[in-house]
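Spelled out from the first residue to the last, the chains are:
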Amino acid sequence: MEVDLGMSRGGTLATVGLALLALVGIALIAGAPDWRVPADADLDDPESRRSYVTAIFEDITARNPWSRFGPDTTVWNSYVAVNAHQTLFTYTTQRFDWVPQLAADFPDALEHDPETGLWRSRVRLKEGVSWSDGTPVTAHDVAFTFEAIAAFGAHELGGNFPTHAPPDLLQRVVAIDDHTVEFFLTRRDARFNFGILLAPVFQRGYWEPHVAAALESPDPLAAIFEVDVIDEPISGPFLYGTWERGSFVNRPVNRRFSLRGARERLYAEGAVRLARDGLYDWTAYGEPASEPVLEVTTGPHVESVHYRVYGTQATGVLALQAGQVDYLFNPLGLERGFQDQLRDVPGVTLIENATNGIRYLAFNLRREPMSRLAFRQAVATLIDREFVTDRVLQGVAEPLYSVVPPGNAAWHNPDVPVYGRGLSRGDRVREAVRLLEADGFTWAQRPVVDAAGTLVTPGRGLRLPNGQPVAPLELLGPGEAYDPLRATFASWTERWLNEAGIPVRPVLTAFNAVSDRVFDRQDFDMYILGWSLTVYPSYLESFFSSRYTGLRGHNAAGYANPEYDRLVDEFLSEADDMARAREAAFRLQEFLARDLPYVVLFDTPIVEAYRSDHIRFPTTETLGGIQNSTFGGPVGFTHAVQLVR
Amino acid sequence: MIRYVVNRLVQSLVLLLLIVTAVFFMFQVMPGDITAVFIQPDVPPEAREALAARLGLDRPVHERYAAYVANLARGDLGTAFPTPSFRGGRPVTDIIGERLPRTLLLFIVVVLANYALGFALGKRIAWRRGRVSEYAATVTGVTLLNVFTPVAALFFLWLFALRFGLFPFGGWQEYERWRPFIERGLTSNDVFVPMLVTGILALAWGLFLLRATRDIDHRMGRRAARAAGVVVYAAGAAAWWQQSGLGVLALDVMHHMTLPILTLVTIGFAAPMLVMRDSMLETMREDYVLTARAKGLTEREVRDRHAARTALLPIATSFALAIALVMDGAVITETLFSWPGMGHALLRSVLEQNFPVTMGVVLVLAAAVLTAHLVVDLLYAWMDPRIRHA
């Protein structure tokens with residue numbers, strides 16, 4: 001008997017398909033990977049309850065220190081892997097005094113060795129400091145680190161390595177015994193203190209075989225950058241931990257961190273005392289004569305630091321508002337809108353700090369009329385920084401006058417000459433005209449300012465002292481989208497210069513287009529750009545020494561002053577006497593303020609936000625903010641942040 | 001037909017080469033290069049020159065182009081330059097392999113949801129032409145379609161994540177949930193890839209099931225067979241996820257996906273809805289629809305079985321292209337919901353002048369779009385013989 005189930009060809013097909021799927025399904029299930037968490041696994045992670053959570057807005061790209069300190073030295077890599085490798089010296093919190101970290105004391109004074117013609121200095125290391133695998137940090141690790149850098153080539157490694165091991169300065173590093181290391185230099189140079197001695201120290205035991213293998217490979221750099229460092233012993237407060245690309249980095253505490261519990265005390269009269277029970281007690285920069293003005297106890301005081309990647313600041317701000325993150329790590333700081341959004345949120349605190357940077361207008365001193373001091377002085381006189389920062393930008397930016405900004409108090413000269421400061425608009429024009437006329441400039445139509453200080457007739461047809469007309473000049477700068485503040489300054493500069501008869505046209509374009517014309521081709525008249533600076537102002541040499549006026553050199557302005565060159569060399573060679581170095585730095589700033597290769601314009605303070613109901617920083621008043629990016633400095637305070645929730 | 005296919009394949013390959021060439025030379029005319037990141041106070045010019053030499057940027061353009069095309073022919077997309085978003089020396093295929101599953105999973109679901117909703121609403125509002133419901137749906141759809149994506153995304157984040165606390169602020173994983181797995185070496189793609197496979201198999205099985213049960217005469221029998229198919233598939237998939245131990249992570253990913261999907265569907269469903277509506281309005285005027293009505297079929301049967309099927313053709317074309325463009329991700333969505341995929345890679349690599357990454361992403365995108373075009377053309381050629389003879 002035939003039973004009609006209403007099943008046709010399709011129904012049969014479905015039956016066969018189902019059977020097939022069942023078979024395939026059984027096979028797939030049987031072959032499924034087993035990621036099941038064992039039943040007895042401890043899912044209650046104590047780290048999560050004592051974790052300091054930070055929002056970052058770009059993922060890290062590397063943890064390997066050769067890559068991270070080398071070509072991949074991005075701001076995010078630096079933030080997240082901060083202090084994984086301790087350095088011989090470091091900076092104190094807030095004041096940035098140069099103090100020992102792995103070193104036991106200041107280096108010996110540089111001595112000249114007549115036989116080799118080299119200068120040498122010994123550094124003694126603290127005893128009792130260990131790597132995360134429990135082995136001691138020794139002088140052999142230090143010597144190995146520099147040998148390895150030299151083997152790969154500091155310039156070839158790129159990034160921070162040329163600063164930490166400048167081939168023109170550092171000849172060799174030798175371990176005298178387990179805790180003494182000797183440096184041999186070609187000359188006295190403060191880059192020894194503020195570059196070489198701030199270099200990260202890598203563990204010889206871990207890296208020696210990797211370096212040897214890399215050096216034997218066809219592409220040594222690629223080979224060393226590729227090493228997966230998950231098991232690398234480190235000397236800092238947090239281990240590498242886990243990294244999920246594009247999502248988070250979690251760094252658990254290094255339970256063998258030797259400096260845990262160390263106290264840093266800063267005193268009003270300048271003294272610094274660093275102490276760790278049973279390990280060291282060190283005082284410098286005078287004797288403490290009162291209670292410390294700041295005391296920081298090194299932690300970690302948390303079980304882990306958790307960096308969560310957010311695609312935009314807007315999302316990160318919402319997460320901070322909801323209490324899901326404790327701090328927003330953003331090199332640009334909080335924009336005005338976000339500040340307003342967070343200002344009244346309970347438990348959120350906003351802080352504002354000066355930054356260690358400048359935005360400036362530079363001249364091409366190779367071209368007329370920029371090569372004439374009177375012209376540069378006239379331009380500097382016409383630019384009213386305070387008007388733009390206070391009236392136009394409503395206090396978003398702060399006017400600056402020296403290439404070393406005031407936030408870097410130890411090196412900033414507050415008394416440099418400033419052209420036009422305090423003058424009214426009319427007086428600025430009169431003074432600019434006076435300066436230009438004194439140098440022989442003439443106009444087809446001389447600018448006229450009436451008795452009330454109003455410009456009644458703008459200048460036109462400026463001529464050089466030789467009678468040639470001044471060709472229209474270009475003022476290069478980044479566009480509105482990249483930096484509206486610099487674009488604003490460019491617009492006002494154009495207006496003021498044209499009023500005085502100086503023909504200027506702003507060309508606001510992409511940053512790379514500006515840098516290409518300025519540094520790679522030196523094809524420009526004037527430009528507006530900015531620099532993020534280092535605490536020790538070695539840039540007084542790299543930006544303004546005549547050594548760097550070539551293509552791609554940092555002295556794109558072409559400033560060449562033999563007197564300045566001599567003084568800057570003296571400054572750099574003051575490796576032992578910081579008071580004399582400071583005096584030289586002050587004189588160098590006076591040179592620059594007078595000769596004006598740059599007209600320093602302004603910089604912006606950095607505004608940051610954090611959950612003050614969750615965490616407490618040792619201080620919130622610090623140059624560059626909580627996230628100050630000074631290498632070797634207390635970046636982000638991860639080593640000292642405390643939970644209050 | 002074979003000749004037609006071969007011709008189209010050759011055309012696609014030539015087009016691909018043209019796209020690669022155009023993008024390559026567009027990069028060359030851009031001012032500066034990535035070594036500009038080394039313009040820093042303490043980095044000497046020699047280090048910048050060493051980097052340029054290492055990356056081959058000191059070689060003539062024609063040499064670089066020849067090398068790039070030769071490597072491409074071998075399937076080598078090169079390695080990334082060292083820029084803030086990419087580690088120098090990382091293979092581009094590795095970067096794409098890491099990001100593509102994330103992008104595919106999120107945006108395929110979005111496209112499917114958009115088209116499913118758009119199709120269902122479009123046919124209904126066309127059928128109710130002139131009524132309040134049509135005007136309401138059309139005006140709402142057009143309004144939502146014109147909402148700026150970041151505004152919608154931030155509003156949804158504010159409402160559902162901050163105010164109601166229903167969803168996370170972005171990303172795809174809750175650290176605590178994933179920690180035990182990640183500590184044992186699991187990566188996100190160990191979850192994303194099976195999720196994609198599960199979804200694709202489900203789709204294929206669903207289509208197969210529809211086709212296979214279509215001829216079952218008994219309505220109840222047909223429904224029972226389909227339900228059985230769904231149950232069996234669901235049980236199998238659940239068993240796999242249970243067996244692997246990854247089910248909890250897949251659920252976590254789905255939880256994180258909900259808000260971006262909700263946002264994108266809210267502002268995106270109107271596009272296919274309006275296409276479907278227009279197509280339906282044209283189809284409804286056809287004689288065969290009148291005939292179907294004259295035969296006494298119910299309104300629903302006329303709409304779904306006669307009008308909507310024909311009206312589906314233009315929407316099928318746009319669906320195929322939308323699926324291809326999924327590879328591109330969506331820069332704004334990926335950024336706002338912290339879901340770094342292909343769109344994010346494309347944006348960052350262009351901004352950072354990371355030429356090898358841009359080329360790699362563009363190549364994948366171009367290949368996907370050209371393949372989709374080819375598939376659509378072949379589909380039309382198969383459906384309409386006049387096309388291949390033309």
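Everything numeric here is computed off the predicted structure, so don't read it as measured data.

Caption draft 1: Here's a closer look at helix α5 (residues 132–145) of chain B. The terminal C-alpha atoms of α5(B), which comprises 14 residues, lie 20 Å apart, in line with the 20 Å expected from a rise of 1.5 Å per residue. Buried positions along α5(B) lie against α4 (92–127) and α11 (270–284) of chain B.

Caption draft 2: Region of interest: the sheet that holds strand β26 (residues 598–603) of chain A. All names here are of chain A. The six strands are arranged β18-β26-β17-β25-β23-β24 in an open sheet whose pairing can be described as mixed. Of all strands in the sheet, those with a lone pairing partner are β18 (398–399) and β24 (504–509), marking the two edges. Looking at chain direction, strand β17 (residues 357–363) and β26 are connected through four bridges and run antiparallel. Looking at the pairing, Y360 lines up with V600 of β26.

Caption draft 3: Spotlight on the interface of chain A and chain B. Between chain A and chain B, the residue contacts involve 81 residues of the former and 79 residues of the latter. Here chain A and chain B share an interface that buries about 6700 Å² over both sides, 61% of which is from carbon and sulfur atoms. The tally of links between chain A and chain B comes to three salt bridges. Its salt-bridge partner being B:R87, residue A:E226 comes within 3.2 Å of it at the nearest N-O pair. At the boundary of chain A with chain B, the tally comes to twelve residue pairs in polar contact (both at pLDDT 80 or more). Sorting elements by how many residues they give to the side of chain A that touches chain B places helix α1 (residues 9–30) of chain A first, with ten residues. Partitioned by chemical class, the residues of the side of chain A that touches chain B number 32 nonpolar, 32 polar and 17 charged.

Caption draft 4: Seen up close, the confidence of the model for chain B. Residue and element names in this part refer to chain B. Per-chain confidence: chain B averages 87 in pLDDT, with 94% of residues scoring 70 or above. Element-level pLDDT for chain B is lowest in helix α17 (residues 385–389), with a mean of 55, against a maximum mean of 94 in helix α10 (residues 247–268). Two summary scores accompany this predicted model of the complex, namely pTM at 0.87 and ipTM at 0.86.

Caption draft 5: View of the packing of helix α5 (residues 139–152) of chain A against helix α9 (residues 204–216) of chain A. Residues and elements named next belong to chain A. In the contact formed by α5 and α9, the axes pass within 10 Å of each other and the chain directions differ by 15°. Judged by the angle between their axes, α5 and α9 are roughly parallel. When you trace α5 past α9, the crossing you get is left-handed. Together, H140, D141, F144, A148, A151 and F152 of α5 and R204, G205, W207, E208, V211, A214 and L215 of α9 make up the contact between the two elements.

Caption draft 6: Local environment of the packing of aromatic side chains. All names here are of chain A. Taken as a whole, this structure holds 66 aromatic pairs over all chains when the rule is applied. Judged by centre distance (5.3 Å) and plane angle (15°), the rings of Y536 and F571 are stacked. In this pair, Y536 sits in the loop between β25 (526–532) and α18 (539–542) while F571 sits in helix α19 (residues 562–573), placing the two residues 35 residues apart along the sequence. The class for Y536 is buried, based on a relative accessible area of 3%. Put simply, the rings of Y360, F519, F524, Y527, W531, Y539, F543, F544, Y559, Y564, F591 and Y598 touch in pairs and so form one group of aromatic residues.

Caption draft 7: A look at unusual backbone geometry. Residues and elements named next belong to chain A. In the segment running from G299 into P300, the intervening peptide bond is cis, with an omega of 5°. By secondary structure assignment, the location of P300 is in the loop between β13 (294–297) and β14 (304–309). The omega torsion across E368 and P369 is 0°, close enough to zero to call that bond cis. By secondary structure assignment, the location of P369 is in the loop between β17 and α13 (373–382).

Caption draft 8: Quick peek at the pattern of salt bridges. All names here are of chain A. Enumeration over the complete set of coordinates arrives at 57 salt bridges over all chains. Across the pair D168 and R191 runs a salt bridge whose closest N-O atoms are separated by 3.0 Å. Pair noted here: D168 is in the loop between α7 (161–164) and β6 (170–177) and R191 is in helix α8 (residues 191–194), with a separation of 23 residues, a long-range link. Classification of D168 as partly exposed rests on a relative accessible area of 39%. Where salt bridges share partners, they join R367, E474, R505, D516, R517, R521, D523 and D525 into one cluster.

Caption draft 9: Expanded view of the sheet that holds strand β11 (residues 272–276) of chain A. Residue and element names in this part refer to chain A. The strand order β12-β11-β10-β13 describes an open sheet built from four strands, whose pairing is antiparallel. Only two strands of the sheet have a single partner each, and these edge strands are β12 (280–284) and β13. Strand-to-strand twist across the sheet, computed as the mean angle between neighbouring axes with direction ignored, equals 10°. Pairing analysis gives five bridges linking β11 to β12, with the strands arranged antiparallel. Among the inter-strand pairings, A275 is bridged to a residue of β12, identified as D281.

Caption draft 10: Region of interest: the pairing of strand β5 (residues 118–124) of chain A. All names here are of chain A. Across three bridges, the pairing between strand β4 (residues 111–113) and β5 is antiparallel. Bridge assignment links D113 to a residue of β5, and that residue is L118. Alignment of β5 against strand β7 (residues 180–185), held across six bridges, turns out to be antiparallel. Opposite R124, over in β7, you have T180 as the bridge partner.

Caption draft 11: The packing of helix α8 (residues 189–213) of chain B against helix α9 (residues 219–244) of chain B, seen in detail. Residue and element names in this part refer to chain B. Where α8 contacts α9, the axes come no closer than 10 Å and their chain directions differ by 165°. With respect to their mutual orientation, α8 and α9 come out roughly antiparallel. With respect to the hand of their crossing, α8 and α9 are arranged in right-handed fashion. Together, V191, P194, M195, V197, T198, L201, A202, W205, L209, L210 and T213 of α8 and R222, A225, R226, G229, V230, Y233, A237, W240 and W241 of α9 make up the contact between the two elements. When grouped by side-chain class, the residues that make up the contact of α8 with α9 number 15 nonpolar, three polar and two charged.

Caption draft 12: Representation of α9(B) in the model. Residue and element names in this part refer to chain B. Taking 1.5 Å of rise per residue, the 26 residues of α9 would be expected to cover 38 Å, and the 38 Å separating its terminal C-alpha atoms lies within 8% of that figure. Looking only at α9, the buried set comprises R222, A225, G229, Y233, A237, W240, W241 and S244. Positioned one or two residues after α9, G245 has a phi angle of 80°, which is positive.

Caption draft 13: Structural detail: a positive patch on the surface. Positive charge collects at one region of the surface, where B:R211, B:R214, B:R305 and B:R309 lie side by side. Within the element layout of this structure, B:R211 appears in helix α8.

The rules behind these values
Residues numbered from 1 in each chain as written. Chains lettered and ligands numbered in written order. Predicted model: local features only at pLDDT ≥ 70, side-chain atom pairs only at ≥ 80, totals over all residues. Heavy atoms only, no water. Helix = DSSP H or I, 4+ residues; strand = E, 2+ residues; numbered from the N terminus. Expected span 1.5 Å × (residues − 1). Contact = heavy atoms within 4.5 Å. Pairing = 2+ DSSP bridges. Buried area = accessible area lost by both parts, 1.4 Å probe. Salt bridge = Lys/Arg side-chain N within 4 Å of Asp/Glu carboxyl O. Polar contact = N/O pair within 3.5 Å; in protein donor to acceptor, adjacent residues only side chain to side chain. Nonpolar A, V, L, I, M, F, W, Y, C, P; charged D, E, K, R; others polar. pLDDT = per-residue confidence, 0-100. Axes fitted to C-alpha atoms, helices over the stretch in contact; angles between N-to-C directions. Parallel < 35°, antiparallel > 145°, perpendicular 65-115°, else oblique. Left-handed = near helix turned anticlockwise from the far one by under 90°. Phe/Tyr/Trp six-rings, centres within 6.5 Å; stacked < 30°, edge-to-face > 60°. Buried < 20%, exposed > 50% of the residue type's maximum accessible area, 1.4 Å probe, protein only. Patch = residues over 30% accessible without salt bridge, like charges linked within 9 Å, V, L, I, M, F, W, Y side chains within 5 Å. Areas by Shrake-Rupley, 256 points an atom, 1.4 Å probe, with all protein chains shown as cover. Lys, Arg positive; Asp, Glu negative; His and termini not counted. Charge placed at Lys NZ, Arg CZ, Asp CG, Glu CD.

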